[in-house]
Amino acid sequence: EMATRAADAANKSLELSQDAYGKGLISIVDLIDVQNAASQSKLSEANSVNEYLLDFLQLSRANGIFIFLLTGEEKTDLMSRLLQYMAIHAPEETK
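Attention in this report is confined to the structure presented alongside it. (Residues numbered from 1 in each chain as written. Predicted model: local features only at pLDDT ≥ 70, side-chain atom pairs only at ≥ 80, totals over all residues. Heavy atoms only, no water.)

**Some points on the packing of aromatic side chains**
- Taken as a whole and judged by the stated rule, the model has two aromatic pairs.
- On the numbers, 6.4 Å between centres and 20° between planes, the contact of Tyr-52 with Phe-56 is stacked. Linking Tyr-52 with Phe-56, this pair stays in helix α2 (residues 28-63), spanning four residues, or about one helical turn.
- When its relative accessible area of 55% is taken as the criterion, Tyr-52 is described as exposed.
- We classify Phe-56 as partly exposed; its relative accessible area is 29%.
- Ring geometry for Phe-66 and Phe-68: centres 5.9 Å apart, planes at 70°, overall edge-to-face.
- Exposure remark for Phe-68: the relative accessible area of 47% places this residue in the partly exposed category. (Phe/Tyr/Trp six-rings, centres within 6.5 Å; stacked < 30°, edge-to-face > 60°. Helix = DSSP H or I, 4+ residues; strand = E, 2+ residues; numbered from the N terminus. Buried < 20%, exposed > 50% of the residue type's maximum accessible area, 1.4 Å probe, protein only.)

**What about the nonpolar core?**
- Listed in full, the five residues of the largest apolar core are Ala-10, Leu-14, Leu-31, Val-34 and Ala-38.
- Secondary structure elements with two or more residues in this core: α1 (2-22) and α2.
- Take this core: its biggest share by element is three residues, from α2.
- Discounting residues that sit within four places of it in the chain, Ala-38 has contacts with Ala-10, Asn-11 and Leu-14. (Core = buried A, V, L, I, M, F, W, Y, C linked by side-chain atoms within 4.5 Å. Contact = heavy atoms within 4.5 Å.)

**Considering the side chain of Ser-17**
- Locating Ser-17 in the fold gives a position in helix α1.
- Given the relative accessible area of 11%, Ser-17 is considered buried.
- Apart from residues no more than four positions distant in its own chain, Ser-17 is found in contact with Ile-26, Leu-31 and Val-34.

Okay, here's the thing in structure tokens:
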């Protein structure tokens with residue numbers, strides 16, 4: 001979510017900079033710097049999504065449960081069992 005917000009902010013900055021360049025308020029060098037920052041932000045956003053998906057798949061593999069392959073009923077059952085386990089084993093502060 002933070003990477004998405006950063007990418008959105010970079011895109012807004014790019015739009016404003018393009019407008020400012022069109023009005024002659026900033027130099028081409030400044031505009032290119034903002035374009036580079038926006039591109040870098042988009043790349044960071046894509047990388048964060050990729051890392052999340054890889055981590056999710058590694059966790060699924062380690063658990064032997066690929067939740068995206070489960071039926072709705074199996075997902076409900078898994079969540080129910082997880083909540084039961086957490087209710088029994090969670091530290092007192094989180095109950």
